[in-house]
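Descriptive structure summary
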Amino acid sequence: MSTARLPVPADPITTAPVKEDLNSFRIAMRQFDYAAEKCGLEAGLCEVLRRPRRALSLSLPVKMDDGSIRVFEGFRVQHNSARGPCKGGIRYHPNVTFDEVRALATWMTWKCAIVNIPFGGAKGGIVCDPHKLSHNELERLTRRYAYEISPLIGPDKDIPAPDVYTDAQVMAWIMDTYSMTHGSSAPGVVTGKPLFLGGSLGRNEATARGCLFTVRAACKELGINLSGATVAIQGFGNAGSIAAQLLAKDGAKVIAVSDSRAGVLDRAGLNVEELLIFKAKTGSVLGFPSAEVISSEALIELQCDILIPAALENQITMQNAERVKARIVAEAANGPTTPDADLLLHNRGIMVIPDVLANAGGVTVSYFEWVQDLQELFWDEDDVNRRLERVMTKAFADVHATATKYSVELRTGAYILAIDRVANAMRTRGIWP
Ligand code: GLU
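As a starting point, this report considers the structure included with it. Residue positions within a chain follow its written sequence, with the count starting from 1. Totals for whole chains, interfaces and linings use every residue, but because this is a predicted model, local features are given only for residues with pLDDT of at least 70 and side-chain atom pairs only at 80 or more, for both listing and counting. Side-chain measures here rest on the full set of heavy atoms in the structure, leaving out hydrogens and waters.

**Examining the side chain of Ser200**
The secondary structure listing takes helices from DSSP runs of H or I that are at least 4 residues long and strands from runs of E that are at least 2 residues long, numbered from the N terminus. Relative to the helices and strands, Ser200 resides in the loop between helix H5 (168-182) and helix H6 (206-222). Note on Ser200: relative accessible area 5%, which makes it buried. Contacts are assigned to residue pairs with any non-hydrogen atoms lying within 4.5 Å of each other. Apart from residues no more than four positions distant in its own chain, Ser200 is found in contact with Leu195, Val365, Glu369, Gln372 and Val384. Relative accessibility thresholds used throughout: buried, under 20% of the residue-type maximum; exposed, over 50%; partly exposed, between the two (1.4 Å probe, protein chains only).

Take a look at the structure:
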């Protein structure tokens, strides 16, 4: 029997709660085990789907600007390709670990299945602080990494995309390195490219826009009027900052945002457009005039209607879940809530829109970009956004219906829906040989 959702066990001697396991890969397995048991997935497929199919671990030597050589650690993990080529971003961060990338690859498999796009899951990462590298060092590191993962990637094999601290420029270097070593230009090898290199209109905003569509659906479900609703956003990168803009356009009151340095709070509502200009100029939201300073941790516990964790993993844990006051938690980040915190939020009546649904807009428009690249025919932005809305609204409805059918929270509902689709593909294809 799975113990996935049982209350946190107490230490028999001190009776203090046992320290929560924050290992992302074990968390991903625990979430999967719980859902697999709920939907009665056969043991064999359970064993297959718990683990990634393939993982590459790399040492990446880079000649630094001062002439010295530094070796960086990198990974590319492919979790499953039963429904199509593997798909998933590449993360550059000093704290990246192999287990984190394995978890992120696993989550990509479920995410693609939930929005029903024909991809499996993958993820990559390099242990580095891109802010401490020069433009040229970053290019050399990226190209070396792209070269090393070349045997695994390709438009019909595995298609990388941006993730934390990677962007359209990094994708352009990967596309170029792959193309130069394969003898022809291959825009379909990565998504999230610059527009003039085969990128898609709407891709940059897609994670945030997708999140907005799920928040709208959740508000409708709970009878919350988004216009006038208060929102707190942890993380002011691609997902968080654009979510703030889009929610403000919908009439929501963005009362707090934070970035990696600290946060700002204005209960009357922040001027998001001015905040974006301020951040672009100074590099941080910190110091934004007429707002109170707030820590990223305190932001999580603010009185608000909608809380959007849009930064990194393990932000809502047993340490703070009891004090979360939002009615909806929309996970724009991957893995921001631990399983125990998840249960606690659910028991407190807080609706969590899980990452595999809430942030699936990014990979959905990545799919649109890939389709446009293969067709060499490009859509206008309205077309992209309309299709995205259709996909996200349907995914929310499918997840909600599955959760209701199995009497579980939305995350487990999302997993059951995804597991069913992936397992169906695997059963029908069969295990080779
Ligand atoms: N890195 C994004 C995610 O976690 C996007 C992945 C993609 O577009 O392939 O969903």
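From this point, the discussion proceeds with the structure in view.
**Quick look at the packing of H6 against helix H12 (residues 361-375)**
Angles run from 0 to 180 degrees between N-to-C directions of axes, and those axes are lines fitted to C-alpha atoms, restricted for helices to the stretch in contact. Interaxial distance between H6 and H12 falls to 7 Å at its minimum, and their mutual angle equals 120°. Considering their axes alone, H6 and H12 lie oblique with respect to each other. The hand of the H6/H12 crossing is right-handed. Seen from H6, the contacting residues are Ala206, Thr207 and Gly210; seen from H12, they are Gly361, Gly362 and Val365. For the contact of H6 with H12, the per-class residue count stands at two nonpolar, four polar and no charged. Just so you know how the angles are binned, under 35 degrees is roughly parallel, over 145 roughly antiparallel, 65 to 115 roughly perpendicular, and the rest oblique. Here a crossing is called left-handed whenever its near helix is offset anticlockwise from the far helix by less than a right angle, and right-handed whenever the offset is clockwise. Put simply, Ala, Val, Leu, Ile, Met, Phe, Trp, Tyr, Cys and Pro go in the nonpolar bin, Asp, Glu, Lys and Arg in the charged bin, and everything else, Gly too, in the polar bin.

**Quick look at the sheet that holds strand S6 (residues 230-234)**
The strands making up a sheet associate through hydrogen bonds between their backbones, and the pairing can be parallel or antiparallel. At least two bridges found by DSSP between two strands are what make those strands a pair. Reading across the sheet, the seven strands line up as S9-S8-S7-S6-S10-S11-S12 and stay open at both edges, with mixed pairing between neighbours. Every interior strand has two partners, whereas the edge strands, strand S9 (292-294) and strand S12 (351-353), have only one. On average, adjacent strands in this sheet sit at an angle of 25° to one another, irrespective of strand direction. Both strand S10 (residues 306-309) and strand S11 (residues 328-330) contribute to a ladder of two bridges, which runs parallel. Each bridged residue has a counterpart across the sheet, and for Ile306 the counterpart in S11 is Ile328.

**A closer look at a positive patch on the surface**
Candidates for patches are residues over 30% relative accessible area with no salt bridge; among them, like charges are joined within 9 Å and nonpolar side chains (Val, Leu, Ile, Met, Phe, Trp, Tyr) within 5 Å. Per-residue and other accessible areas were derived by the Shrake-Rupley procedure at a 1.4 Å probe size, with only the shown protein chains allowed to occlude residues. By salt bridge we mean one thing: a side-chain nitrogen of Lys or Arg within 4 Å of a carboxyl oxygen of Asp or Glu. Note that His is not counted, nor are the chain ends; the positive residues are Lys and Arg, and the negative ones are Asp and Glu. Throughout, a charge is located at the NZ atom of Lys, the CZ atom of Arg, the CG atom of Asp or the CD atom of Glu. On the surface, Arg53, Arg54, Lys157 and Arg429 cluster together into a positively charged patch. With respect to the secondary-structure elements, Arg429 resides in helix H14 (residues 410-429).

**Quick word on the packing of helix H3 (residues 98-114) against H14**
Interaxial distance between H3 and H14 falls to 8 Å at its minimum, and their mutual angle equals 85°. Taken together, H3 and H14 sit at an angle that is classed as roughly perpendicular. Along the contact surface, H3 presents Trp107, Thr109, Trp110, Ala113 and Ile114, while H14 presents Ala414, Tyr415, Leu417, Ala418, Ile419, Arg421 and Val422. Across the contact of H3 with H14, the residue classes tally to 10 nonpolar, one polar and one charged.

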